[in-house]
Amino acid sequence: MSNIAGQDWFSKPALQRILALLNADGGEARIVGGAVRNALMGMPVGDIDMATTLPPQDVVERAKEAGIKAVPTGIEHGTVTLVLDGEGFEVTTLRRDVETDGRHAQVAFGTDWTEDAERRDMTINALYADASGEVIDLIGGLADIDKRNVRFIGDADRRIAEDYLRILRFFRFFAHYGSGRPDADGLRASARAKDKISTLSAERVWSEMKKLLAAADPSRALLWMRQSGVLTQVLPETEKWGIDAIHGLVAAEQALGWAPDALIRLAAIVPPDVERVTAMTSRLRMSNAEAKRLKQWAATSVIDPATTDAAFDRLLYRQGVEGVIFRLKLALAAARADVSAGDVAMQKIARLSNLLARAEKFEKPNFPLTGADVLSAGVAPGPKVGEILSELEDKWIEFNFSLDRAALAARLEALLKNQA
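Bear in mind that the values here come from a model prediction, so they are computed numbers and not experimental data.

Draft legend 1. Representation of helix α15 (residues 288-299). Its 12 residues give α15 an end-to-end C-alpha distance of 16 Å, which sits within 8% of 16 Å, the value for a rise of 1.5 Å per residue. Of all the positions in α15, only Glu290, Ala291, Leu294, Trp297 and Ala298 are classed as buried. Seen along its axis, α15 keeps its buried residues to an arc of 130°; they face one direction. Exposed and facing more than 90 degrees away from the buried side of α15 are Asn288, Ala289 and Lys292. As for α15, its buried residues are in contact with α9 (202-213), α13 (262-268), α14 (274-283) and α17 (321-337).

Right, dumping it as structure tokens:
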């Protein structure tokens, strides 16, 4: 057996207090899922979830009596979140599935730990740890942890049919925790059911893809998603574009200390076409911030490494820093991967690196004039105000933002005289 009691996170007073509360007076509670998995794999532990034999209402009552805040986050499915010392712990009553339709499940509460384990998705996610830190393995998860094998519990087709999002979870967990080739049964079952992904909400699909793309190296998972047809189902934009650029991007991240960015990685495998990118962000119901970043990248011009610093600053001002950084990182990663180009590649890498550093430090200057200045000069309200302001801003950019307010006011006066 394995024991995780010696790890710092396990010794948290809040966690120990909740475990003691739920294990008293005939109740039983264990830590389950990701916290146990990550603890065994030497990875950071984030959210700490628990499973218990107590009905959800009993969990709420015990928490209230102990002065612990109880939030019924999913009480109809047996889940209550207990908040203590500023941290939330999800506590879910042991369950068994009564009925599933590939998206939602009707559950019944129970007290059978094996039955609860068997309804979960992957073996590495169905390990429990009791209050002493002893790991309890009811479905062979410890062996899969040792081999870094991501495998469905029981029949893969059946597990997937219970919730088709498990197809994406299979590849996501492989990206984060797997090694070698994916489990053959899971891969075949995912390929067979790939069309069912279209029945899922776009928000759930994008959430899984974003987590997958954030793995240290998602390239193997993306390769097998492509081989199985799952990637084309989720991201048809990748079908003719390819995923080869991911390898070079991950290598550049690791060598240059870039933090993994799911959106830049997505940009590496889809064409930089504004119309298609806009449709993709809409289809996947991305957040406004995410959609803005991707659309800005798609709209940004290809950057010539030979561009001068002054011309580059003008580009940054007009097209936006975010899209330029996307373009430069992808170009730099591609140049680093092109080892056959010799000295030419080295020169290109050096220049792209300089431009990237310049972009990351760039602070967009403020144009000194406003519409109010144009109105004060005697121009009547209307489209003409914007046209004049735009013309003056173009001249200001052309002079590399060096014209001050007085110089621009003089140009405004001269412009109006010429138009009179």
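Draft legend 2. Geometry of empty space enclosed by the protein. Taken as a whole and assessed by the stated rule, the structure comprises one cavity of 30 Å³ or more. Estimated volume of the largest cavity: approximately 40 Å³. Taken together, Leu249, Glu253, Trp258, Ala259, Asp261, Ile264 and Lys329 make up the lining of the largest cavity. Across the lining of the largest cavity, the residue classes break down as four nonpolar, no polar and three charged.

Draft legend 3. Expanded view of the pairing of strand β1 (residues 29-32). Side chains Ala29 and Ile31 project from β1 onto one buried face, and the interleaved Arg30 and Val32 project onto a second face that is buried too. Bridging between β1 and strand β2 (residues 49-52) involves four bridges; their strand directions are antiparallel. By the bridge assignment for β2, Arg30 is matched with Ala51. Relative to strand β8 (residues 127-129), β1 runs antiparallel, the two being bridged by two bridges. The residue bridging Val32 from the neighbouring strand is Tyr128, located in β8.

Draft legend 4. Molecular detail of the sheet that holds strand β3 (residues 69-74). The strand order across the open sheet formed by seven strands is β3-β4-β5-β2-β1-β8-β9, and the pairing between neighbours is mixed. With partners counted over all chains shown, the strands left at the sheet margins are β3 and β9 (135-137), one partner each. The sheet shows a mean angle of 35° between the axes of neighbouring strands, direction not considered. Across the sheet, helix α1 (residues 13-23) lies against β1, β2, β4 (79-84) and β5 (87-93), angled at about 135° from β1, the strand it touches most. Taken strand by strand, helix α3 (residues 56-65) contacts β2, β3, β4 and β5, and its axis lies near 15° from that of β4.

Draft legend 5. Main features of the pattern of salt bridges. According to the stated counting rule, one finds 26 salt bridges in the structure shown. Asp144 is the salt-bridge partner of Arg151, the closest N and O atoms lying 2.8 Å from each other. Exposure remark for Asp144: the relative accessible area of 2% places this residue in the buried category. A salt bridge links Arg158 to Glu162; the nearest nitrogen and oxygen atoms lie 3.9 Å apart. Of this pair, Arg158 and Glu162 both sit in helix α6 (residues 156-162), four residues apart, which is roughly one turn of that helix.

Rules behind the numbers
- Residues numbered from 1 in each chain as written.
- Predicted model: local features only at pLDDT ≥ 70, side-chain atom pairs only at ≥ 80, totals over all residues.
- Heavy atoms only, no water.
- Helix = DSSP H or I, 4+ residues; strand = E, 2+ residues; numbered from the N terminus.
- Expected span 1.5 Å × (residues − 1).
- Buried < 20%, exposed > 50% of the residue type's maximum accessible area, 1.4 Å probe, protein only.
- Arc of directions from axis to C-beta.
- Contact = heavy atoms within 4.5 Å.
- 1 Å grid on protein atoms, 1.4 Å probe; cavity = no way out; pocket = protein on both sides within 12 Å on 5 of 7 lines; lining within 4 Å.
- Points joined across faces, edges and corners; volume = space filled by probe spheres on them.
- Nonpolar A, V, L, I, M, F, W, Y, C, P; charged D, E, K, R; others polar.
- Pairing = 2+ DSSP bridges.
- Axes fitted to C-alpha atoms, helices over the stretch in contact; angles between N-to-C directions.
- Salt bridge = Lys/Arg side-chain N within 4 Å of Asp/Glu carboxyl O.

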